[in-house]
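This is what each chain is made of:
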Amino acid sequence: MEQTVSAATRLSGTLELPADKSISHRAAMFAALADGTSVIGGFSDAADPQSTLKCLRQLGVPIRHEDQKVIIRGVGRHGLRSPGQLLDCGNSGTTMRLLSGIIGGAGIEATLVGDNSLSRRPMRRIIDPLQSMGIAIQAQDDNFPPLHISRKGPLKPIRFDLPIASAQLKSCVLLAGLFGDNPTEVIEHLPSRDHTERLLGLQIHDKDDGRIIISEGSQFIPTQNYQVPGDFSAAAFWLVAGSIVPDSHIALKEVGINPTRSSALNILERMGASIRMEREHLAGAEPVADLVVDYHDLKATVIHPEEVPNCIDEIPILAVAMAFAEGESRIEGAAELRFKESDRLKAVAEFLQEAGIQVLERKDGLVIHGNGGAPVNAARFNSYDDHRIAMAAGILALRSDSPSIIEKAECVSISYPAFWNNLTNLTNSR
């Protein structure tokens, strides 16, 4: 479908955001491995976490929905069964990479497949450590899905030094380690999302240049009984929208503000954004708050390589903020964006250029010459069937000089099915 977005003179309103995808994935998987029943409130209805639920059902996990809750009867570490058909992960890299660790660790046999986009995403980074743990993996060109996973011998615990800051890679190895007789250690030098460690209560040792995270077969796996907080990655679109559309005031309820996820908040604040946190509290192991954003002039900034892991999903929308800032902004050390649902560096550079923003695309980043808050050119934007590109282009279009069109706009259902409705509601509020 095509979505037409007109220029907005003001954005105003209060939003309840979709549930956090990263937490929803993990809550379902950990509930499946627990002994006991978990009641997960506000589980994400986006396509990716629903792919996780579908795969878990195929692995023999009883799951039902009741009153906006997902109820999962855990089968324990040894209760998973080999599925009789392919496990379809859809567009979800999190589903594929984390389930690979669980399936390999559990010693069952399964084949994981994905859609065309996921089938082009490299899996070598999880294949190597899993194979060193004695898990057999067959992949297309030894790198791409489908992944056929099996294990005949005992699981071999490893000490794994993370080559990059990646929560999916870290979690994959740690989840496989949950089935080992001896500890598996993951050494993390730069912080990445820590939902796995928090929700499982894993043992962590700090060291001078990072930390060591430990998993093993004796690790207690708790049931998952809590309300999933609002997705910070979804909140970031409205934080930028409220910052670039004059006279805006937007309140976002119950947003997860995990410090390993909210680097974009710090980046926007140093750009001059007017954002405040209210009602800070905990939802289970996760910090939560209401976020309120008001329009404010923005100034240029640099996103440094060490910041990228904790704002990787927000970089497309942060690039939009940079487009309206005063001065030259840079994004550095973000080559990972070329291997997402689309080549996001290329896609972002393209839609900004079509809007009249001067952009230099580099191998691992972008240089963006902000226009100081002026309107941009309307255009027909190609989303590349990538939900974050579609939403970022939609926010950009709010400051265009006439209506713009977002192509393949239905892809937002991957993470935020109500996005276009929310945008319309904020535009129409008075």
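Above this text sits the structure in question.
(A) Representation of the overall build of the chain. Counting its regular elements, the chain contains twelve helices and 23 strands. Here the C-alpha atoms of the chain give a radius of gyration of 21 Å, agreeing with the 22 Å that 2.2 N^0.38 yields for 430 residues. Reported as C-alpha extents along the three principal axes, the dimensions of the chain are approximately 65 × 45 × 45 Å. Looking at the chain as a whole, 60% of its 430 residues are labelled buried. Separation between the mean location of the 42 positive side-chain charges and that of the 53 negative ones in the chain comes to 3 Å.

(B) Examining unusual backbone geometry more closely. Pro146 follows Pro145 through a cis peptide bond whose omega is 5°. Its location among the elements puts Pro146 in strand 9 (residues 144-150). Positive phi values are uncommon outside glycine, yet Asp141 reaches one of about 55°. Of note, the phi angle at Arg279 is positive, near 55°, even though the residue is not glycine. For Arg279, the location among the structural elements is in strand 16 (residues 274-283). According to the relative accessible area criterion, Arg279 is partly exposed, its value standing at 46%.

(C) Layout of a negative patch on the surface. Taken together, the side chains of Asp88, Asp115, Asp385 and Glu410 define an acidic patch exposed on the protein surface. Along the chain, Glu410 falls in the loop between strand 23 (404-407) and helix 12 (419-428). Look at Glu410 and you get partly exposed, because its relative accessible area is 37%.

(D) Geometry of the nonpolar core. If you look at the biggest cluster of nonpolar residues, it comprises 80 residues, and the most contacted ones within it are Trp238, Leu252, Val320, Phe351, Leu352, Ile395 and Phe419. The leading source of residues in this core is helix 7 (residues 232-244), at ten residues. Those residues in contact with Leu352 that lie beyond four places of it in its chain are Ala319, Ala323, Ile357, Val359, Ile368 and Leu396. By size, the runner-up hydrophobic cluster in this structure holds 62 residues, among which are Leu33, Val70, Ile149 and Phe179.

(E) Up close: the sheet that holds strand 14 (residues 226-227). Sheet architecture is open: four strands sit in the order 4-5-3-14, paired in mixed fashion. Since the sheet does not close on itself, it has two edges, and those belong to strand 4 (63-66) and strand 14, each with one partner. In this structure, strand 3 (residues 37-41) lies alongside strand 14, joined through two bridges in parallel fashion. Across the sheet, the residue bridging to Ile40 is Tyr226, located in strand 14. Against the sheet, helix 1 (residues 21-33) engages strand 3, strand 5 (69-73) and strand 14, with an angle of about 165° to strand 3.

(F) Region of the structure containing the layout of surface pockets. Roughly 770 Å³ of volume is contained in the largest pocket. In this structure, the largest pocket is lined by 40 residues; those nearest its centre are Ala165, Ser166, Ile312, Glu336 and Lys340. For the lining of the largest pocket, the elements supplying multiple residues, two or more each, are helix 1, helix 3 (93-106), helix 5 (167-177) and helix 11 (387-397). The leading source of residues in the lining of the largest pocket is helix 1, at four residues. For the lining of the largest pocket, a count of residues per class yields eleven nonpolar, 13 polar and 16 charged.

(G) Quick peek at the pairing of strand 17 (residues 286-294). Among the nine residues of strand 17, eight are classified as buried, and the element is accordingly described as predominantly covered. The sheet contact formed by strand 15 (residues 249-256) and strand 17 spans six bridges and is antiparallel. Each bridged residue has a counterpart across the sheet, and for Leu252 the counterpart in strand 17 is Leu291. Following strand 16, the chain reverses through two residues before pairing antiparallel with strand 17; Gly284 in that reversal takes a positive phi of roughly 65°.

(H) Main features of the pattern of salt bridges. Going through the model one piece at a time under the given rule, you end up with 31 salt bridges. Between Arg270 and Glu307 there is a salt bridge, with the nearest N and O atoms lying 2.7 Å from each other. One end of the pair, Arg270, is in helix 8 (residues 263-270); the other, Glu307, is in the loop between strand 18 (302-303) and helix 9 (315-323), and 37 residues separate them in sequence. What makes Arg270 partly exposed here is its relative accessible area of 32%. As a salt-bridge pair, Arg338 and Asp343 come within 2.9 Å of each other at their nearest N and O atoms. One salt-bridge network, held together by shared partners, links Arg193, Asp313, Glu341, Arg344, Asp386 and Arg388.

(I) Layout of the packing of helix 9 against helix 11. The contact between helix 9 and helix 11 brings their axes to 8 Å, and the two run at 20°. With respect to helix 11, the element helix 9 is oriented roughly parallel. For the crossing formed where helix 9 meets helix 11, the hand is right-handed. Counting all contacts with helix 9, which are made through Pro316, Ile317 and Val320, the residues of helix 11 involved are Arg388, Ile389, Ala392, Ile395 and Leu396. When grouped by side-chain class, the residues that make up the contact of helix 9 with helix 11 number seven nonpolar, no polar and one charged.

The rules we used
Residues numbered from 1 in each chain as written. Predicted model: local features only at pLDDT ≥ 70, side-chain atom pairs only at ≥ 80, totals over all residues. Heavy atoms only, no water. Helix = DSSP H or I, 4+ residues; strand = E, 2+ residues; numbered from the N terminus. Rg over C-alpha atoms; globule rule 2.2 N^0.38 Å. Buried < 20%, exposed > 50% of the residue type's maximum accessible area, 1.4 Å probe, protein only. Lys, Arg positive; Asp, Glu negative; His and termini not counted. Charge placed at Lys NZ, Arg CZ, Asp CG, Glu CD. Patch = residues over 30% accessible without salt bridge, like charges linked within 9 Å, V, L, I, M, F, W, Y side chains within 5 Å. Areas by Shrake-Rupley, 256 points an atom, 1.4 Å probe, with all protein chains shown as cover. Salt bridge = Lys/Arg side-chain N within 4 Å of Asp/Glu carboxyl O. Core = buried A, V, L, I, M, F, W, Y, C linked by side-chain atoms within 4.5 Å. Contact = heavy atoms within 4.5 Å. Pairing = 2+ DSSP bridges. Axes fitted to C-alpha atoms, helices over the stretch in contact; angles between N-to-C directions. 1 Å grid on protein atoms, 1.4 Å probe; cavity = no way out; pocket = protein on both sides within 12 Å on 5 of 7 lines; lining within 4 Å. Points joined across faces, edges and corners; volume = space filled by probe spheres on them. Nonpolar A, V, L, I, M, F, W, Y, C, P; charged D, E, K, R; others polar. Parallel < 35°, antiparallel > 145°, perpendicular 65-115°, else oblique. Left-handed = near helix turned anticlockwise from the far one by under 90°.

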